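If you want the building blocks of each chain, they are given just below.
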Amino acid sequence: MNVSLKWLGTLVDIKGLDPEEMAETLTIDGIPVERVIYPGKGISGVVTGKILSVEKHPNADKLVICHVDVGRPDSIQIVTGANNVKEGLIVPVALDGAHVPAKHDAGTPGGLKYGDIKIKAGELRGVKSAGMMCSCSELGLDENLFPGVNKEGIMILPADTQVGVDFHTLYDLDDVIFEMELTANRADCFSMIGMALEVGAVFKRKVTLPFINVAESGMPIQGRAAVHISDARYCKRFCGRLMENIKMGRSPMWMENRLRSNGIRPINNIVDAANYVMLEIGQPLHTYDYDKVEGNELTCRFAGEKENLKTLDGVERILHHTDLVIADKAGNPVCIAGVMGGLDSEITDKTKSVFLEAAVFDSASVRRTSRRIGLRSEASGRYEKGINPARTEMAINRICQLLIEQGACTVAPGLLDEYPIKSEPQIINTTIDEINDYIGIKLSKNEMIDILESLHFSVAEDNGKIRVTVPDFRMDLYGMPDLAEEVARVYGYSNIPITTPWSAVTKGIMSPSQEVLFKVTDILVENGLSQVVNYSFMDKNDLKKLNFPEDSSVYNAISIMNPISDEYPDMRTSLLPGLMHTLQYNLSKKNDQVAIFEYGHIYEPKRFPLDELPKEYSLISGLMCGGPAENGYPNDQREYDFFDIKAVMENVLSALSIRDYKIRRTNYPVFHPGVSAEFVKNDVILARFGELHPAVLDKWNIKRIVYGFTISLPDIMIFAGAATNYKKIPKFPSAERDLAVLVPEQLSNENIENIIRQAGNKHLEKLYLFDLYQGKQVPAGFKSMAYRLSFRASDRTLTDAEVDNWIETIVISLGKVNVVLRT
């Protein structure tokens, strides 16, 4: 936002304040001034002049001789090559000795030479020229801010412009502009009145706000128009007024100049007045052609799916169900609330009556919509930061007052005002000592109350306790610390003594999830893996290359509206695509020894279309290719195998004190079905690992054997850090038996161990497979498996008879699944 000091001076007394010092003070007090602009810098000796006559140059076909009245007793003669000069036009004239910031020079880029250009009287092709008639660009002005200006020729001024006037005075080029860099919490300062109140408080100057009074006439608005709110959560207030007998024309010069100080191009008196009030009060307004609004009724509601609206810029917009719109009585959208109006209801030169809208829309909704359609404006920026509903009526009355004073309309009696939920005044109860202690100063009661009242707070004091009522325009204050900050910045941060604050230092600790993460990453690094970091994005086509079936949930990825590149259009649902690209890149650079892992989040939408934040899961995945030792003598050339990656996973679980888990084959499509497994505990998969599927390696064009793993941190968190159960060292010896059996090929080791444990006595202490054989001596369809069983009792030595009895029970149970003793 820009602040014109000329305009500001009409609202608050700033006489005698140096602009540079004023900017410095405001910045220190939390109202940062990014830059101080002097619009007329570089211009001097330029006045308004009227062209009295235009004659052809006797010695040049492209030059003309103009006689110009510049307010002196005698006219002056100027030679020019401009093709838009005519008798009777009013133009800016740089006299002999004048300075301008630029001049035409065909030899420079853009045809302009910039600098401090001094204008001198001289001759052009033998004819005297006493000055120069100026274009917008030669005066350093933005021609887009001056309607009707010929960009290629001399700047033509309004026909009623007085002759001989200093050009600075005409367009307020003697003004000083503050370019503000306001923070989002100070929404109250995004208006001239807000800045006036702030400047008055900081510099202890008198503030004079405009007196607003609307001279109504004609038939009342009630029964002729209506406004409605469908959901008060997203539209706090909706006001409407009716202006009739519209007379379109130009705005007064003072209003156009104030709009230009904020970079807004004057359009016509109606639109200009709406923009002016938005800058002055901070409340955006919208104007509709009353006769083009179906049923003369406006309703604020959410758009329906696939509704569309052609906006003022001529673009057909497809609306989303999260977009707030203003609709007419027939239900047709006529405006995207807070962003842009509809083309069909815009005011034109033929408009006779104007339906005015002033509303307070939900900031999040406006921000979401403006970002989605890629359209931001002065109005949407203010809505995003927050609008004060208490000033809505003030704003809509102010525009009526301004246009009535210009003779541009009449205003129907009555105000339409939907204000379903009026905000209660914000009250903060605290004490003088509490604020002093918080800041670290010792202000007296009167000094502190004076500061608060200068900021327009209402203060009631009782024996050191104060009850502070926050003004309605300060929507950023919620408690004592915010109040103390206001006192501190007005008192002056530089005046606060430097002291060492007391603080209770506490021991920093990690959360359980952080401890688990650091343990896992440490173990992986100790086992020779390097951590990598990839983007949180992916391409869903990479999931097909990882062998995921088409119905897999990993394809439910969130598409990004503006991805960083075409290679990353989706939020990732797996860490493996990024790791595969990293592996592929390393192998292409002849780095054959790759052992990498990544910790990161994956994003799973709860439903489509996306209407809430997705679920985020923490995963650790890794890849191992090559061997554990570097190539070259005397290192051996052993390659990684299945048992290397299995050992890494076992080390991870051991470090987390996770025990009593089971191992089984995995059906994870990324891995080779015969060379992969998963660790499971209580039906929760702790880790999947194994050799990558040959089809995956072919699709990624990798000619090496690669092993991978994936660990879900939320799942291992369930069992991590479990207490260890200790048992006394047994006093009595164990009894061991070896059991060699012929097992049908379709039965796994897990199946056999489950049968043995169920059939065995509670004294079965250990069980493990120590031999597996398939060959000529084994019948077709069978495999030979040998187990060692260890029995032990805690209270006695077991007898052979007891153990033999348990073995017989186990053999009988195995026989039920066609497992027989090997003879």
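Per an unreviewed UniProt entry, the protein chain carries the name Phenylalanine--tRNA ligase beta subunit and comes from Dialister invisus DSM 15470. Per UniProt, the protein chain has the following entry under Subunit (unreviewed entry): "Tetramer of two alpha and two beta subunits."

Enquirer: Describe in detail helix H8 (residues 378–385), supporting the description with residues and values.
Expert: Counted residue by residue, H8 has 6 buried out of 8 residues, so it is predominantly covered. All of the buried residues in H8 are Ala379, Ser380, Gly381, Arg382, Tyr383 and Glu384. Looking at the buried residues of H8, the elements they touch are helix H6 (269–281), strand S21 (354–361) and helix H7 (363–373). One or two steps after H8, the chain reaches Gly386, where phi turns positive at roughly 115°.

Enquirer: For the layout of surface pockets, give the residues involved together with the corresponding values.
Expert: Estimates place the volume of the largest pocket at around 1500 Å³. Contributing elements (two or more residues each) for the lining of the largest pocket: helix H16 (642–655), strand S32 (662–664), strand S33 (671–681), helix H19 (749–759), strand S37 (764–773) and strand S38 (782–791). In terms of residues, the lining of the largest pocket owes the most to one element, S33, which gives 7 residues. Here the lining of the largest pocket spans two domains, since at least three of its residues come from each of domain 5 (512–718) and domain 6 (735–821).

Enquirer: Tell me about the packing of aromatic side chains, residues and numbers included.
Expert: Here the structure, examined in full by the defined rule, presents 16 aromatic pairs. For the ring pair Trp7 and Tyr276, a centre distance of 4.7 Å and an interplane angle of 15° mean the geometry is stacked. Residue Trp7 is found in helix H1 (residues 5–8), and its partner Tyr276 is found in helix H6; the two are separated by 269 residues along the sequence. A relative accessible area of 1% means that Trp7 is categorised as buried. Note on Tyr276: relative accessible area 1%, which makes it buried. Ring geometry for Phe167 and Tyr171: centres 5.3 Å apart, planes at 65°, overall edge-to-face. Judged by relative accessible area, which is 8%, Tyr171 ranks as buried. One aromatic cluster is present, formed by Phe642, Phe643, Tyr661, Phe679 and Phe689 through successive ring pairs. Residue placement shows Lys545 over the ring face of Trp700; its charged tip is 4.0 Å from the ring centre. One residue, Arg788, lies across the ring of Phe770, its end atom 4.9 Å from the ring centre.

Enquirer: Give a detailed account of the UniProt feature "binding site: Mg(2+)" (unreviewed entry) in the protein chain, specifying residues and quantitative values.
Expert: Per the UniProt entry, the sites bearing "binding site: Mg(2+)" (unreviewed entry) are Asp476, Asp482, Glu485 and Glu486 in this numbering. Mapped onto the secondary structure, Glu485 falls in helix H12 (residues 480–491). Looking at the element boundaries, Glu486 is found in helix H12. Among the residues examined, Glu486 registers a relative accessible area of 3% and is labelled buried. Here the side chain of Glu486 touches Arg474 through a polar contact of 2.9 Å, side chain to side chain.

Enquirer: Can you tell me about the domain arrangement of the protein chain, naming the residues and giving the values?
Expert: Assigned domains of the protein chain: these are domain 1 (2–36 + 179–203), domain 2 (44–169), domain 3 (226–418), domain 4 (427–495), domain 5 (512–718) and domain 6 (735–821). A straight line from the C-alpha centre of domain 4 to that of domain 5 covers 56 Å.

Enquirer: Please give an account of H16 that cites residues and values.
Expert: Under the 1.5 Å per step criterion, the end-to-end length of H16 is 20 Å for 14 residues, consistent within 8% with the ideal 20 Å. Turning to H16, its buried residues number three or more, namely Phe642, Asp644, Ile645, Lys646, Val648, Met649, Val652 and Leu653. Lining the buried residues of H16 we find helix H13 (512–526), strand S31 (615–625), S32, S33, strand S34 (684–692) and strand S35 (706–712). Its side-chain oxygen placed 3.0 Å from the backbone nitrogen of Phe643, Asp641 serves as the N-cap of H16. Positive phi appears at Ser657, one or two residues downstream of H16, with a value of about 60°.

Enquirer: Can you explain the packing of H13 against H16? Please cite residues and give values.
Expert: Where H13 meets H16, the axes come as close as 9 Å, and the angle between the chain directions of the two elements is 145°. The way H13 lies across H16 gives a crossing that is right-handed. Where H13 approaches H16, its residues Lys519, Val520, Ile523 and Leu524 are matched on the opposing element by Val648, Asn651, Val652 and Ala655. Here the contact of H13 with H16 is built from residues that sort into 6 nonpolar, 1 polar and 1 charged.

Enquirer: Any details on the nonpolar core? Residues and values, ideally.
Expert: With 59 residues, the main nonpolar core has Leu8, Phe178, Met195 and Met243 as its most contacted residues. Taken domain by domain, this core gets at least three of its residues from each of domain 1 (2–36 + 179–203) and domain 3 (226–418). The residues touching Met195, leaving out its near neighbours within four places in the chain, are Met1, Val3, Leu8, Leu26, Ile31, Met180 and Cys189. Ile229, Cys235, Leu242 and Leu319 belong to the second largest nonpolar core, which has 35 residues in total.

Enquirer: Now, about empty space enclosed by the protein: what can you tell me, with residues and values included?
Expert: Scanning the entire structure with this criterion turns up 3 cavities of 30 Å³ or more. Here the largest cavity is characterised by a volume of approximately 140 Å³. For the lining of the largest cavity, the residue count by class is 6 nonpolar, 5 polar and 3 charged.

The rules we used
- Residues numbered from 1 in each chain as written.
- Predicted model: local features only at pLDDT ≥ 70, side-chain atom pairs only at ≥ 80, totals over all residues.
- Heavy atoms only, no water.
- UniProt positions renumbered as here; feature names shortened; annotations may be inferred.
- Buried < 20%, exposed > 50% of the residue type's maximum accessible area, 1.4 Å probe, protein only.
- Helix = DSSP H or I, 4+ residues; strand = E, 2+ residues; numbered from the N terminus.
- Contact = heavy atoms within 4.5 Å.
- 1 Å grid on protein atoms, 1.4 Å probe; cavity = no way out; pocket = protein on both sides within 12 Å on 5 of 7 lines; lining within 4 Å.
- Points joined across faces, edges and corners; volume = space filled by probe spheres on them.
- Domains from an automatic or database assignment.
- Phe/Tyr/Trp six-rings, centres within 6.5 Å; stacked < 30°, edge-to-face > 60°.
- Lys NZ or Arg CZ within 6 Å of the ring centre and 35° of its normal.
- Polar contact = N/O pair within 3.5 Å; in protein donor to acceptor, adjacent residues only side chain to side chain.
- Expected span 1.5 Å × (residues − 1).
- Axes fitted to C-alpha atoms, helices over the stretch in contact; angles between N-to-C directions.
- Left-handed = near helix turned anticlockwise from the far one by under 90°.
- Nonpolar A, V, L, I, M, F, W, Y, C, P; charged D, E, K, R; others polar.
- Core = buried A, V, L, I, M, F, W, Y, C linked by side-chain atoms within 4.5 Å.

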